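So you can see what is in the structure, the chains are spelled out below.
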Amino acid sequence: TGTNVWGMQVQGSVSGTGFVISEDGYILTNYHVIEEAYTTGAAINVMFSSDSGYDTLQYTAQVIGFDRNNDVAVIKIDASGLTAATLGSSDDLQVGDTVYAVGNPLGELTYSMTPGIVSATDRVITTDEGTANMFQISAAVNEGNSGGPVYNAYGQVVGIVTAKPNSTSSGTSTEGIGFAIPIDDAVRIADDVINGGHQINNDADPAYLGIMGYSVDQNAITYYSLPAGAFIYYVEPNSPADNAGIQVDDIITEVDGYSVDSYNSLAEELSFHRAGETVDIVVYRSGEYVTL
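None of these values were measured; they are calculated from a predicted model.

(A) Looking closely at the overall build of the protein. A count of helical and extended segments in the protein gives 5 helices and 19 strands. The buried share of the protein, taken over its 292 residues, is 41%. Nonlocal contacts in the protein, meaning residues at least 24 apart in sequence, comprise 57% of its contacts between residues at least 6 apart.

(B) Representation of helix α2 (residues 183-196). For α2, which comprises 14 residues, the first-to-last C-alpha distance of 19 Å matches the rise-based estimate of 20 Å (1.5 Å per residue) to within 8%. Here α2 has its buried residues at I183, D185, A186, R188, I189, A190 and V193.

(C) Summary view of the nonpolar core. Core analysis: the biggest nonpolar cluster contains 16 residues, and F19, L28, V72, V74, I160, I183 and A186 have the highest contact counts within it. Looking at this core, the elements that each hand over two or more residues are β4 (26-29), β7 (72-76), β12 (157-163) and α2. In terms of residue count, the dominant contributor to this core is α2 (5 residues). Residues within four places of V72 in sequence aside, it is in contact with L28, T29, Y31, F66, D67, I181, A186 and I189. Membership of the second largest hydrophobic core comes to 15 residues, among which are I27, I44, I77 and A79.

(D) The environment of Y214, seen in detail. Along the polypeptide, Y214 turns up in strand β14 (residues 211-215). Residue Y214 is classed as partly exposed on the basis of its relative accessible area, which comes to 42%. Sequence separation between Y214 and L266 is 52 residues, and the spatial gap between their C-alpha atoms is 9.9 Å. Ignoring anything within four residues of it in the chain, the contact list for Y214 reads G229, A230, F231, Y233 and Y263.

(E) Looking closely at the packing of aromatic side chains. Overall, the coordinates contain 6 aromatic pairs when judged by the stated rule. The interplanar angle of 90 degrees and the centroid separation of 5.7 Å between the aromatic rings of F48 and Y59 together place this pair among those described as edge-to-face. Note that F48 is positioned in strand β5 (residues 44-49) and Y59 in strand β6 (residues 56-67), a separation of 11 residues in sequence. On the basis of relative accessibility, which here comes to 24%, the residue Y59 falls in the partly exposed class.

(F) Structural detail: the pattern of salt bridges. Applying the stated criterion to the full structure yields 3 salt bridges. A salt bridge links R68 to E35, with the shortest nitrogen-to-oxygen separation between them at 3.8 Å. In this pair, R68 sits in the loop between β6 and β7 while E35 sits in helix α1 (residues 31-40), placing the two residues 33 residues apart along the sequence. For R68, a relative accessible area of 18% corresponds to the buried category. R188 is paired through a salt bridge with E269; the nearest N and O atoms lie 3.0 Å apart. Residue R188 is found in helix α2, and its partner E269 is found in helix α5 (residues 263-270); the two are separated by 81 residues along the sequence. According to the relative accessible area criterion, E269 is buried, its value standing at 6%.

(G) Spatial organisation of the sheet that holds β5. Spatially, the 5 strands line up as an open sheet ordered β3-β4-β7-β6-β5, and their pairing is antiparallel. Both edges of this open sheet fall to β3 (19-20) and β5, since each of them pairs with a single strand only. Relative to β6, β5 runs antiparallel, the two being bridged by 6 bridges. Bridge assignment links M47 to a residue of β6, and that residue is Q58. Relative to the sheet, α2 contacts β3, β4, β6 and β7, its axis offset from that of β7 by approximately 50 degrees.

(H) Layout of the pairing of strand β9 (residues 112-126). For strand β8 (residues 98-103) and β9, the ladder comprises 6 bridges, and the chain directions are antiparallel. Each residue of the ladder has a partner; that of A101, found in β9, is T114. As paired strands, β9 and strand β10 (residues 131-137) are joined by 6 bridges and run antiparallel to one another. Looking at β10, one finds that I125 is bridged to A132.

(I) Representation of a nonpolar patch on the surface in the model. Together, M212, Y214, Y233 and Y234 give the surface a local cluster of nonpolar side chains, amounting to about 400 Å² of exposed area. Looking at the nonpolar patch, the elements that each hand over two or more residues are β14 and β15 (230-235). Here M212 is to be found in strand β14. For M212, a relative accessible area of 40% translates into the label partly exposed.

(J) Spotlight on the environment of H32. When you line up the elements, H32 lands in helix α1. C-alpha of H32 to C-alpha of V14: the two residues are 18 residues apart in sequence and 9.7 Å apart in space. In terms of polar contacts, H32 uses its side chain to reach the side chain of S146, at 3.0 Å.

Rules used throughout
- Going along each chain's sequence as written, the residues are numbered from 1 onward.
- The predicted origin of the model limits local features to residues at a pLDDT of at least 70 and limits the giving and counting of side-chain atom pairs to 80 or more, whereas totals for whole chains, interfaces and linings rest on all residues.
- Where side-chain values are given, they derive from all heavy atoms of the structure, hydrogens and water being excluded.
- Secondary structure elements follow DSSP: runs of H or I no shorter than four residues count as helices, runs of E no shorter than two count as strands, and numbering proceeds from the N terminus.
- The classification of residues rests on relative accessible area computed with a 1.4 Å probe and restricted to protein chains. Under 20% of the type maximum is buried, over 50% is exposed, and intermediate values are partly exposed.
- Only heavy atoms matter for contacts: two residues are in contact if any of them lie within 4.5 Å across the pair.
- The span one expects for a helix is its residue count, reduced by one, times 1.5 Å.
- The nonpolar core is taken to be a set of buried Ala, Val, Leu, Ile, Met, Phe, Trp, Tyr and Cys residues, with the residues joined through side-chain atoms within 4.5 Å.
- Here the aromatic set is Phe, Tyr and Trp, taking the six-membered ring for Trp, and pairing holds for ring centres within 6.5 Å; pairs whose planes are under 30 degrees apart are stacked, those over 60 apart are edge-to-face, and all others are tilted.
- Any carboxyl oxygen of Asp or Glu that lies within 4 Å of a side-chain nitrogen of Lys or Arg is treated as forming a salt bridge with it.
- A pair of strands is considered paired only if DSSP assigns at least 2 bridges between the two.
- Between the N-to-C directions of two axes lies an angle of 0 to 180 degrees, each axis being a line fitted to C-alpha atoms and, for a helix, fitted only over the stretch in contact.
- Surface patches are drawn from residues lacking salt bridges whose relative accessible area is over 30%; two like charges belong together within 9 Å, two nonpolar side chains (Val, Leu, Ile, Met, Phe, Trp, Tyr) within 5 Å.
- Only the protein chains shown count as cover for residues, and all accessible areas are computed by the Shrake-Rupley method using a 1.4 Å probe.
- Polar contact is the term for a pair of N or O atoms within 3.5 Å; when the atoms are in protein, one must be able to donate a hydrogen and the other to accept it, and sequence-neighboring residues count only if both atoms are side-chain atoms.

Right, dumping it as C-alpha cells:
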C-alpha cells in the first residue's frame with residue numbers, strides 16, 4: 001500500500017515465482033521477490049494451479065529466513081503431500097548444456113517455460129541485494145520469472161532465475177542474457193535457514209579477510225603444478241588474514257571445508273559467513289597444504 005501523487009492510497013502487488021522443495025510446504029524463491037512484503041508486513045500469497053489447470057489454489061506463506069546478499073529466501077505454506085521439485089547439482093553444469101526456465105513472466109503468463117543453454121558458468125553479478133556468483137543462461141527471462149527454477153534436460157533443478165540486465169552502462173538494450181543462482185548454493189542457504197531458524201543478513205556484518213589477490217592462471221596450474229585457487233599478493237597488517245597467519249604468495253584452496261578454485265569463489269565462500277566467525281582456511285604454501 002502506498003500514496004500516489006494526488007495523496008490517495010493505492011494498492012499494488014509484486015509477482016514472482018518459486019518452487020516447492022519439500023512435501024510439507026517449504027518453497028525456495030528470491031529474496032527480492034518477497035522483500036517488500038516482508039519489510040512492510042504485507043501478505044505473501046502463493047498460488048498453485050489445480051489438476052484441471054483451470055482453478056487456482058491459494059495459500060498464505062510465512063518467511064522462514066533469507067540470505068539477502070545471495071538473494072535467496074525460504075518461505076513456507078501450511079500444506080502437506082506436495083510434489084517437491086527434483087534437485088540436481090549446479091557443479092555438473094557445462095557451457096552449452098540445455099536448460100529451461102519456468103516462471104510467471106510479466107506476472108500474468110503463469111507456468112511459462114522457455115528453453116536456452118548455459119552461456120557461462122562463473123559470473124560474479126552485482127544486484128540491488130548484493131554481489132553473488134551466478135551462471136548465465138540464454139533462456140528468455142522477464143519480470144515475474146524471478147525465483148523460478150532452471151531445469152536441466154533431466155528435469156532436475158540446477159538454479160534459481162534471479163536477474164536480467166535490461167541495458168548496459170552505455171544504454172544498449174540486451175537480449176538472451178539471464179542469470180541464475182546455482183542450486184548447490186541455494187540448498188546450502190536453505191539448509192542453514194531451515195535448520196537454524198534464522199535470517200542470514202550479511203549486509204549488517206559482512207565477513208572480511210583483509211587480502212588482495214587473483215585467480216591462479218591456468219598456465220601456472222599446467223606448467224608449475226600449482227593448485228587452482230586464490231593467489232594472495234597483499235595482506236593488510238593486523239587484519240583477520242594477517243592475524244591468522246595468511247602470507248603473501250599463499251594460494252587459498254579451501255574455506256570451511258568448501259573448495260576454492262578462483263578468487264571469485266573465495267568471495268562467494270565469504271558471503272556465506274559473517275564477521276566474528278572462525279573457520280578453517282587451507283592454503284598451499286611452498287609445496288605443502290597448511291590449515292590456518
